[in-house]
Structures are given as structure tokens and as C-alpha cells.
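Spelled out from the first residue to the last, the chains are:
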Amino acid sequence: MMIKLQQFVLASLLVAAIPACSSIGLPNPFRDDSSEISQYPKDATEYICDGNKHFHVRMLNNGNDAWLIYPDHEVNLPKSSDDHRRYASGVIALVINGDATTLNDGEKIAYLNCKPQLKK
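The notes below deal with the structure included here. (Residues numbered from 1 in each chain as written. Predicted model: local features only at pLDDT ≥ 70, side-chain atom pairs only at ≥ 80, totals over all residues. Heavy atoms only, no water.)

Side note on the overall build of the protein chain
No. 1: Along its length, the protein chain carries one helix and eight strands.
No. 2: Burial statistics for the protein chain: of 120 residues in total, 22% are counted as buried.
No. 3: Here the analysis covers contacts within the protein chain between residues at least 6 apart in sequence; of these, 29% occur between residues at least 24 apart.
No. 4: Carbon together with sulfur atoms contributes 57% to the accessible area of the protein chain, which is approximately 9200 Å² in total. (Helix = DSSP H or I, 4+ residues; strand = E, 2+ residues; numbered from the N terminus. Buried < 20%, exposed > 50% of the residue type's maximum accessible area, 1.4 Å probe, protein only. Contact = heavy atoms within 4.5 Å. Areas by Shrake-Rupley, 256 points an atom, 1.4 Å probe, with all protein chains shown as cover.)

In C-alpha cells form, the structure reads like this:
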């Protein structure tokens, strides 16, 4: 008898916890919502470059830092003191120049002729 009571209490607690899942923002697998959720911040600008390479940039600290967002990682680039359009950290250098923005990530990776994409 005691085991059945424990099973009943456990089942009741689990059923009672289900509505709580929706209040903490867990995804609902039963919702029919086919809209995609962007993995990039709303205030980031996407750049598309030659060879269909792309990255996102989010300006921080009143434009003194460029938060570079690659598809698989992110890097903060402080503004260079010698050129107001250049942001750099180590071997990574971003030069924001309208439709001719460039990004060099070491010797092997170069993003050329990068164009900012308009927000939709």
C-alpha cells in the first residue's frame, strides 16, 4: 500500500510540474511555430563577403569595441588608436569601410569586399 501511495505522489508531482516548464521559457515541442530563431543578437550587423563568407559585428562601448561573431565563436576587437575604422586583437584585424569592409583572421583566412546587410 505504501509503494502505491509513493507512486501516486510522484506521478502527481510530475504532472503538476509540467505547466511550470512553460513559465520558465523551455521550448514547447507541441507548438506549431515554424519561425526560425536567430542565433545572432538583434543589434548585430551581418556582413557577407566574397566567397559567401559571413560574420556579424556588434558595436560596443560607444563604438570603441567591435564584438566579432563568427558562426562558431566570438571575439572582442578593441578600436586601434592609429585608425578609427580598424579594430584588432592579436592576428585578427577588422577594417570597417562600408561595402569594402575587410577581415583578416591570421594568414590563411581573409574576408574581402564585405558588405553590411540591411536589417529586415
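There is more to say, and it comes next.
Observations regarding the pattern of salt bridges
Where charged atoms of side chains with opposite charge meet at close range, the side chains can pair.
No. 1: Scanning all chains against the criterion turns up two salt bridges.
No. 2: Note that Asp83 is salt-bridged to Arg85, the shortest N-O span being 3.6 Å.
No. 3: On the accessibility criterion, Arg85 (31% relative accessible area) is partly exposed. (Salt bridge = Lys/Arg side-chain N within 4 Å of Asp/Glu carboxyl O.)

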